[in-house]
Each structure stands twice: as C-alpha cells, then as structure tokens.
Amino acid sequence: MSHKYKKEQIEFLNWEFGVFFHFGIRTFYEGHKDWDMQEMPLDGFKPTNLDCGQWMRVIKEAGAKYAILVCKHHDGFANWPSEYTEYSVKNTPWKGGKGDVVKEFTDACGEYGIKVGLYYSPAEFGSKDKPNKDYDDYFINQISELLTNYGKIDYLWFDGCGSENHQYDEKRIIKVIRGLQPNILIFNMWDPDTRWVGNESGYAHTPNYINVSSTSFSVQTETGKEDALDEEKFLPVECDFRMRLHNWFYSDRDEDTVKSLDELIGIYYYTVGRGANMLINIGPDRQGLLPEKDSDRLIEVGSFIKKAFSNPISSSFIRNENNGNSYICELENPALINCCVLKEDEENFDMVGQFSIKAYPYDYGMPITVYIGKTIGHKAICQFPPFYTKKIEVTVEKNKDSGNSEKTYLQEISLYFV
C-alpha cells in the first residue's frame, strides 16, 4: 500500500517541468563562487530593464508549469525590501530603493498562470558566527515576510548547502511556515514534501522510488551518503540543473556552454521519464531579461515535448483476462512503435517493482520483449528500437502486494513513435 500523501504532492508531480531563476546581487559581480565570502557592494545592483513578464512568457511557451526565484542566496542579499537586513534591494540604486523583485516575479507568475516557487538559503555568509536563537529569529522573520506579503506561494525551496551540522529550531520554523501557508510544498529540509535527487546534473536514478527512508541533503555532503528520515515518507524527486555548463547566475563568458537540444531531451527522459520533476535553471542577465540563446533553447525543448507526446498512436488498454497483472493495448492497424509511456495508478504509487513490455509481431508469432523496467510512479517513458506491431502487452512482474490480484496498478499506457 502506498504511504499517505498530500494532494499537493500529486499536483507537484503533474507539474513535471519547472524553471529556476538565479538572479540577485551576484548577477552583477562576474566570477563569484558559492561561499567565497567576497564583498559585493549594493551599488552594483542595477538591472536596467527587469521584466519578469518576459521570463514568464518564455517559460509558458516552453510548457513549464512552475517557476522558482532565488529570493536570498548564500550571500544574504534579499531580493525584496526586507525589514531584517540592510543588504537588500531597498538600499540599491535600482528604482531608487523602491523596487521589489519578489513582487514583480510573483505578479508575473499570477498573470501567466505559473505556479509560484521561492528559493531561500537558510545559511548565509557569517550565519555560523551568530547564536542559534538570534539566527532562527532572523530566518523566521524573513520567511514570514515572503509568506505573508506575496499571496499564495505554492513551493518553498530550501537549499541545504551551508547548513551542514547547523542546529535550527525545526519545530518552530515549520509551525510558522505551515501556519502562514498551510498548503505550501517544502523542498528538502525539516518537514519536506519533495526531495533532491542528489546531483545538480538533472539525472534521476533507477529504480526511483517515491516512498523513501533517507534523502540527500546538500552538495557538500559526501557523495552517496544520505540522511536517514524518522520514518519512510512519500517524497517525489526533483532534478535541478543548469542550462549552462558551470554557472547558476548569469555570466557573459559562457554563452557557448548552453546545453544542446539533444542533451536537454536526454535529461527530460532521465527526469520526467523516470517519474521525477525536471527543474532547469536560467540566469537572467544584467538587464533583468532572459538571455536570447537560453530562451530559444528552452522553447525548443518545449516544442519537442509537445510534438513528441501530444498525439499517442494508442492510449486505450484492457486488463488481460488470463493474467491480472498484465495489460493489453490492441491497435486498430499495425504501426511502428518505439516508445511506451506508463503511469501508475495514484492510489497505488510505488507498488510496481519491475515490469516488462512485449510487442507482438504484426502477422503472427510469440510476443517479443522490447523493454524491462523497474519503478513507474507518476510516469515512465520507455524507449526501445522501432517495432512494427498490432499489440503491446505490459506486465507487472514484481509488486509489493502480490496477494491482491484484483488491484489495478496502471492508470495509463500510451504508445508513440517519437
């Protein structure tokens, strides 16, 4: 039986594809790295043409369902006029100190129907030198501003980097967050609803179980080491990665590293195709606009996804009367197939432990196994060499409830030639 989950977690999986925006003081200081402790004076923050509407028009065209803005990175710069720090937009030349990037971002999300995500780094330069209580107060006060002043926030993204071995008042923090925004989803920390995949390259593992007893926490954690949870939890995976090879924030030196369409399509198959969410980062430039090359490539990715998966050759199936764990797709006419998209029934997520896909020769003969997979969850995109067939059979080979032959495991089987 699948563990208890929130409807918002299922909605999150249905978002599938989001865009991350790293934008802040570091955008204007070329060459800075995480935790380099180098000063970035406020007078450098001068976006000449900030247009969050342009950001949303681009990602909407690409088919993204949600967006995440870096509100405060490790450097401590607040993209909103926070009352709890002087290191914020209120003391920059931009709009005479009257600007608010978070407001412009959330307003644009609302205008274009994009789900709102806010990134906040719990740790920042110098935070480890402050008493825990004082820092918790500061942290909670800033989070409260973000969750009070900008309407409904769908997703709060906590970066664990820098918080290793730091003790936070977790219960107090979560009580405040859940009290201010009861339906919010929290990424990664304390009381998470979603989890980090464990790399920043955009690749999900297989098997990719949604119910887990441990999670990866930070890029500074030893590779392969995960933190144990108090109990097994239902935690969908999100895979974050950069459009450009090295930089999360904008750089004018790396346009030639924008990922190719082929690489991004591959990442889509390794993320959404393995039941995870794909979160691709673009750093807005020093005008406050999305760079043209990054925007065009994002739209190309969206066009591929839409073209490839909008019109299945078949999406109807029946249960095999002779084998309750087997499902049959009969085609009206034989067709060339090279991709099968499966979705597990939401009431039984994570029940499938292994499955096979068999294709029947179009004239006669025994079926041929074309694919063997492990987990399905929200979605499994199963690719195989083209096969001309009149019938596809999907069989659940292993499941976690073998004693219940009446249970339906699959919600969708769609066939494509991509």
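Residues numbered from 1 in each chain as written. Predicted model: local features only at pLDDT ≥ 70, side-chain atom pairs only at ≥ 80, totals over all residues. Heavy atoms only, no water.

**A word on the overall build of the chain**
Okay, so step 1: From N to C terminus, the chain includes 7 helices and 16 strands.
Okay, so step 2: Computed over the C-alpha atoms, the radius of gyration of the chain is 23 Å, within 12% of the 22 Å expected from 2.2 N^0.38 for a compact globule of 418 residues.
Okay, so step 3: Every one of the 418 residues in the chain was classed for burial, and the buried ones make up 58%.
Okay, so step 4: Relative to all contacts within the chain whose residues are 6 or more apart in sequence, the contacts with residues 24 or more apart total 74%. (Helix = DSSP H or I, 4+ residues; strand = E, 2+ residues; numbered from the N terminus. Rg over C-alpha atoms; globule rule 2.2 N^0.38 Å. Buried < 20%, exposed > 50% of the residue type's maximum accessible area, 1.4 Å probe, protein only. Contact = heavy atoms within 4.5 Å.)

**Regarding the environment of Leu 42**
Okay, so step 1: Mapped onto the secondary structure, Leu 42 falls in the loop between strand 1 (17–21) and helix 2 (52–62).
Okay, so step 2: Filtering out sequence-adjacent residues up to four positions away, Leu 42 remains in contact with Ile 25, Phe 77, Glu 86, Tyr 87, Ser 88, Asn 91, Thr 92 and Pro 93.

**Let's talk about the packing of helix 4 (residues 132–148) against helix 5 (residues 170–180)**
A pair of packed helices can be characterised by two numbers: the angle between their axes and the separation between those axes.
Okay, so step 1: Two elements in contact, helix 4 and helix 5, have axes whose closest approach is 10 Å; the angle formed by their N-to-C orientations is 10°. Between helix 4 and helix 5, the angle is such that the two are roughly parallel. Along the contact surface, helix 4 presents Asp 136, Asp 137, Phe 139, Ile 140, Ile 143, Ser 144, Leu 147 and Thr 148, while helix 5 presents Arg 172, Ile 173, Val 176, Ile 177 and Leu 180.
Okay, so step 2: Looking at the contact of helix 4 with helix 5 residue by residue, the classes come out as 8 nonpolar, 2 polar and 3 charged. (Axes fitted to C-alpha atoms, helices over the stretch in contact; angles between N-to-C directions. Parallel < 35°, antiparallel > 145°, perpendicular 65-115°, else oblique. Nonpolar A, V, L, I, M, F, W, Y, C, P; charged D, E, K, R; others polar.)

**Considering unusual backbone geometry**
Okay, so step 1: Look at the link from Thr 206 to Pro 207: it is a cis peptide, with omega at 0°.
Okay, so step 2: As for its position among the elements, Pro 207 is in the loop between strand 6 (195–196) and strand 7 (211–215).
Okay, so step 3: Positive phi is not limited to glycine here, since Glu 16 has a value of about 65°.
Okay, so step 4: Following the sequence through the fold, Glu 16 ends up in the loop between helix 1 (7–15) and strand 1.
Okay, so step 5: On the basis of relative accessible area, Glu 16 is assigned to the buried category, the value being 14%.
Okay, so step 6: Of note, the phi angle at Asp 350 is positive, near 75°, even though the residue is not glycine.
Okay, so step 7: Of note, Asp 350 is situated in the loop between strand 12 (326–344) and strand 13 (352–361).

**As for the layout of surface pockets**
Okay, so step 1: Its volume calculated, the second largest pocket comes out at about 390 Å³.
Okay, so step 2: Lining of the second largest pocket is provided by 21 residues; of these, Glu 16, Lys 65, Tyr 268, Ile 305 and Lys 306 occupy positions nearest its centre.
Okay, so step 3: Among the secondary structure elements, those contributing two or more residues to the lining of the second largest pocket are helix 1, helix 2, helix 7 (292–309), strand 12 and strand 16 (410–416).
Okay, so step 4: In terms of residue count, helix 7 provides more of the lining of the second largest pocket than any other element does, 5 residues in total. (1 Å grid on protein atoms, 1.4 Å probe; cavity = no way out; pocket = protein on both sides within 12 Å on 5 of 7 lines; lining within 4 Å. Points joined across faces, edges and corners; volume = space filled by probe spheres on them.)

**So, helix 5**
Okay, so step 1: Within helix 5, burial applies to Ile 173, Ile 174, Ile 177 and Arg 178. The buried side chains of helix 5 occupy one side of the element, clustering within an arc of 120° when seen end-on. Pointing more than 90 degrees away from the buried face of helix 5 are the exposed residues Lys 171, Lys 175 and Gly 179.
Okay, so step 2: Buried residues along helix 5 sit in contact with helix 4, strand 4 (155–158) and strand 5 (185–187). (Arc of directions from axis to C-beta.)

**Looking at empty space enclosed by the protein**
With a probe scaled to a water molecule rolled over the atoms, the places where space remains empty come into view.
Okay, so step 1: As enumerated under the stated definition, the model contains 3 cavities of 30 Å³ or more in all.
Okay, so step 2: Along the walls of the largest cavity sit Met 243, Arg 244, Asn 247, Trp 248, Phe 249, Tyr 250, Ser 251, Asp 254, Asn 281, Ile 282, Gly 283 and Asp 294, which together make up its complete lining.
Okay, so step 3: Taken together, the residues that form the lining of the largest cavity break down as 5 nonpolar, 4 polar and 3 charged.

**Section: the side chain of Arg 178**
Okay, so step 1: If you trace the backbone, Arg 178 turns up in helix 5.
Okay, so step 2: Looking at Arg 178, the relative accessible area reads 17%, which means it is buried.
Okay, so step 3: Within polar-contact distance, the side chain of Arg 178 engages the side chain of Asp 193 at 3.0 Å.
Okay, so step 4: Apart from residues no more than four positions distant in its own chain, Arg 178 is found in contact with Lys 6, Ile 184, Ile 186, Asp 191 and Asp 193. (Polar contact = N/O pair within 3.5 Å; in protein donor to acceptor, adjacent residues only side chain to side chain.)

**Considerations on the packing of helix 6 (residues 261–271) against helix 7**
Okay, so step 1: Two elements in contact, helix 6 and helix 7, have axes separated by 10 Å at closest approach and are oriented at 55°. Relative to helix 7, helix 6 is oriented oblique. In this structure, helix 6 meets helix 7 at a crossing whose hand is right-handed. On the side of helix 6, the interface is formed by Leu 261, Leu 264, Ile 265, Tyr 268 and Tyr 269, while helix 7 contributes Arg 297, Glu 300, Val 301, Phe 304, Ile 305 and Phe 309.
Okay, so step 2: The residue inventory of the contact of helix 6 with helix 7, partitioned by class, reads 9 nonpolar, no polar and 2 charged. (Left-handed = near helix turned anticlockwise from the far one by under 90°.)

**Observations concerning the sheet that holds strand 5**
Okay, so step 1: Spatially, 5-4-3-2-1-10-9-6 is the arrangement adopted by the 8 strands of the open sheet, whose pairing is parallel. Whereas interior strands pair on both sides, the edge strands pair on one side only; in this sheet they are strand 5 and strand 6.
Okay, so step 2: Pairing geometry for strand 1 and strand 10 (residues 277–282), over 5 bridges, is parallel. Its bridge partner being in strand 10, Phe 17 is matched across the sheet by Met 278.
Okay, so step 3: Along the sheet, helix 3 (residues 101–112) makes contact with strand 1, strand 2 (66–72) and strand 3 (115–120), crossing strand 3 at roughly 155°.
Okay, so step 4: Its contacts with the sheet put helix 4 on strand 2, strand 3 and strand 4, and the angle it makes with strand 3 is roughly 160°. (Pairing = 2+ DSSP bridges.)

**Some words on the pairing of strand 12**
Okay, so step 1: Most of strand 12 is tucked away: 14 of the 19 residues are buried.
Okay, so step 2: Where strand 11 (residues 318–319) lies against strand 12, 2 bridges are found, and the strand directions are antiparallel. Looking across to strand 12, one finds that Arg 319 is bridged to Tyr 327.
Okay, so step 3: Inspection of the sheet shows strand 12 paired to strand 15 (residues 380–399) by 12 bridges, in the antiparallel sense. Note that in strand 15 the partner of Ser 326 across the bridge is Thr 395.

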